[in-house]
Amino acid sequence: MEKMKEEGAGDETHVLAFPIPAQGHINPLLQFCKRLASKRLKVTLALTLSTIKSAHNEVSNNVRVEGISDGFDEGGIKEAESPDAYFEHFEVVGSQSLAELIKKQESSSYPFKGLIYDSHIPWALEVAKRYGLVTASFFTQSCANDAIYYNAKKGFLSIPVEGPTVSLPGLPILEIHDLSSFIYNWGSYPTFLDAVLNQFKNVEKADCLLLNTFDKLEDEVLKWMSKIYPIKTIGPTVPSIYLDKQVEDDKDYGLSLFESSKETCMDWLNMREAGSVTYVSFGSMCELGEEQMEELALGLRNSNHYFLWVVRKSEENKLPKSLVAEDKYSEKGLVVAWCSQLEVLAHKAVGCFMTHCGWNSTIEAVSLGVPMIAMPQWTDQPMNAKFVVDVWEVGVRVKLDEKGIVRREEIEKCVKEVMDQGDRGEQIKRNAFRWKVLAKEAVDEGGSSDKNIEDFVVSLLCT
Ligand code: UDP
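Residues numbered from 1 in each chain as written. Predicted model: local features only at pLDDT ≥ 70, side-chain atom pairs only at ≥ 80, totals over all residues. Heavy atoms only, no water.

### What about the overall build of the protein?
At step 1: A count of helical and extended segments in the protein gives 19 helices and 15 strands.
At step 2: The C-alpha radius of gyration computed for the protein amounts to 22 Å, which stays within 12% of the reference 23 Å derived for 463 residues, consistent with globular compactness.
At step 3: C-alpha atoms of the protein, sized along the principal axes, occupy 65 × 50 × 45 Å.
At step 4: For the protein, buried positions account for 58% of its 463 residues.
At step 5: Surface accessibility of the protein: about 19,400 Å² in total, with carbon and sulfur atoms responsible for 48%.
At step 6: Within the protein, the 69 negative side-chain charges are centred at a point lying 3 Å from the centre of the 50 positive side-chain charges. (Helix = DSSP H or I, 4+ residues; strand = E, 2+ residues; numbered from the N terminus. Rg over C-alpha atoms; globule rule 2.2 N^0.38 Å. Buried < 20%, exposed > 50% of the residue type's maximum accessible area, 1.4 Å probe, protein only. Areas by Shrake-Rupley, 256 points an atom, 1.4 Å probe, with all protein chains shown as cover. Lys, Arg positive; Asp, Glu negative; His and termini not counted. Charge placed at Lys NZ, Arg CZ, Asp CG, Glu CD.)

See below:
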């Protein structure tokens, strides 16, 4: 690749990437685009028009952005009657808009050679095929979750699932509640269940599958999956500055759908001692109940450690009023509507991450060596939590009471277990450090993900 850089080859090879409009999908795909651009591909990121309108910052110079219509150009999914209605429109209007973008580019000096599409929109593959593009399906979740969905789609795992445990190739024995909530809570979100199963609807037609993970992280299941599909692990898709530092000026994801209180967080963290803060966030979509919010607030306060808690604007009204009024937060904690998560995780004051275990948050914490307290809510999060605790042993998982609530005592216990001196906490910290080293190794020059990215670039150059 170095050789290629010197010779300036590849400058004309243009690839289009297309994520669905959600923070957890845009971040990894945009990050991957930046990697490709650093290897001298020309890269365009297609975003829905409403995403472009609501973005709080500009995408990196190396990646050009083009708008795609999903039929809801002002508010996106929020404008639609239901998720069903949204996805139906997205497919019809999005296919057309994507085709127009590809056609428009055909008459320029840099027609698209390939499309990297979000695996949640398999119709994008059909559009790209019509124009003879190389196609890569980009999976934003863990391979373990993908494997579950593959088995369910192909009928090897029948749903609703029966029996207390599930045994599938490449995976540890799983309890029903380790599976995706769309599966164990069958019927809870039929539209989303369809979307995750349909990742495998036509993927055999794709030239390759790109996975935001790395070989050592999901060793067995990746080996199993690679016998079925041409997969390439390309993760962790975390900005280069946190890992290998190969990509210049790659310091953050670069497109936020939320306004971040970056300086407030950094100023507050700068005043804290190393390892003294619990960082708490449930990502861009999870909603906690009011009772759960109160238990969490009290548990964090009682833990006697500092906490930095992200409570999105739409969730703010559920914060327990009494506590806010007593101004307890300024003493021990800081609540913000959004932060620059990577900067927070990388800050030496942060000692652990209480997380919903969205895949990006999980792999970010793994990459930065931050111990986790897993508090999964729905979708793929339970399985990620299972791996955090039982496979990588980099965290603990909260226990729910019979009402499905995590009580304050449990929160307090988990924070203390990870943060305070003690055998388990120390072991978790050692493991977290080990995984951080392995994550860096994967994307560093010659590492497993780095090699796969290079292979992918070469495959585009040679087409
Ligand atoms: N994130 C952030 N600031 C926050 C909370 C989250 O920048 O205050 C980012 C986080 O770094 C991650 C993404 O938002 O890249 C959330 O993705 P994830 O898969 O963890 O969860 P989702 O939002 O999809 O549930």
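So much for the structure itself; the text now carries on.
### So, the nonpolar core
At step 1: If you look at the biggest cluster of nonpolar residues, it comprises 128 residues, and the most contacted ones within it are F18, L171, L308 and W309.
At step 2: Residues contacting L171, with those up to four places away along its chain left out, are A144, A147, I148, V221, M383 and F387. (Core = buried A, V, L, I, M, F, W, Y, C linked by side-chain atoms within 4.5 Å. Contact = heavy atoms within 4.5 Å.)

### Quick word on the site of the ligand
At step 1: Neighbouring residues of the ligand: 18 residues in total, closest N27, S284, C339, S361 and E364.
At step 2: At 2.9 Å from an oxygen atom of the ligand is found a side-chain nitrogen or oxygen belonging to N27.
At step 3: One nitrogen or oxygen atom from the main chain of C339 is found 2.6 Å from a nitrogen atom belonging to the ligand.
At step 4: When the free accessible area of the ligand is taken as 540 Å², the share hidden by the protein chains comes to 92%.
At step 5: Where the shell around the ligand is concerned, the elements lending two or more residues are helix 2 (23-38), strand 10 (277-281) and helix 15 (359-368).
At step 6: Per-element tally for the shell around the ligand: the top contributor is helix 15, with 4 residues.
At step 7: A class-by-class count of the residues in the shell around the ligand yields 6 nonpolar, 11 polar and 1 charged. (Near = heavy atom within 4 Å. Polar contact = N/O pair within 3.5 Å; in protein donor to acceptor, adjacent residues only side chain to side chain. Nonpolar A, V, L, I, M, F, W, Y, C, P; charged D, E, K, R; others polar.)

### A word on the confidence of the model for the protein
At step 1: For the protein, the average pLDDT comes to 94, and 95% of its residues sit at 70 or higher.
At step 2: This stretch, residues 1-8, has a pLDDT under 50; its non-local contacts, to residues over four places away or in other chains, come to 13 contacts. (pLDDT = per-residue confidence, 0-100.)

### As for the packing of aromatic side chains
At step 1: In this structure the tally under the stated criterion is 28 aromatic pairs.
At step 2: On the numbers, 6.2 Å between centres and 45° between planes, the contact of Y150 with F156 is tilted.
At step 3: Under the relative-accessibility criterion, F156 is labelled exposed at 56%.
At step 4: Among the aromatic residues, those joined into a cluster by ring pairs are F18, F72, Y86, F87, F90, W123, F182, Y189, F192 and W378.
At step 5: Directly above the aromatic system of Y306 lies the positively charged group of R272, at a separation of 4.5 Å from the ring centroid.
At step 6: Taking the ring centre of Y306 as reference, the NZ or CZ of K332 above it sits at 4.2 Å. (Phe/Tyr/Trp six-rings, centres within 6.5 Å; stacked < 30°, edge-to-face > 60°. Lys NZ or Arg CZ within 6 Å of the ring centre and 35° of its normal.)

### Examining the sheet that holds strand 14 (residues 372-374)
At step 1: The 6 strands lie next to each other as 12-11-10-13-14-15, forming an open sheet whose pairing is parallel. Two strands in the sheet have a free side with no partner beyond their single neighbour: strand 12 (333-336) and strand 15 (395-397). On average, each strand axis in the sheet is inclined to that of its neighbour by 15°, with strand direction left out of account.
At step 2: Here strand 10 pairs with strand 13 (residues 350-355) via 5 bridges, running parallel. From the neighbouring strand, V277 faces strand 13, where its bridge partner is V350. (Pairing = 2+ DSSP bridges. Axes fitted to C-alpha atoms, helices over the stretch in contact; angles between N-to-C directions.)

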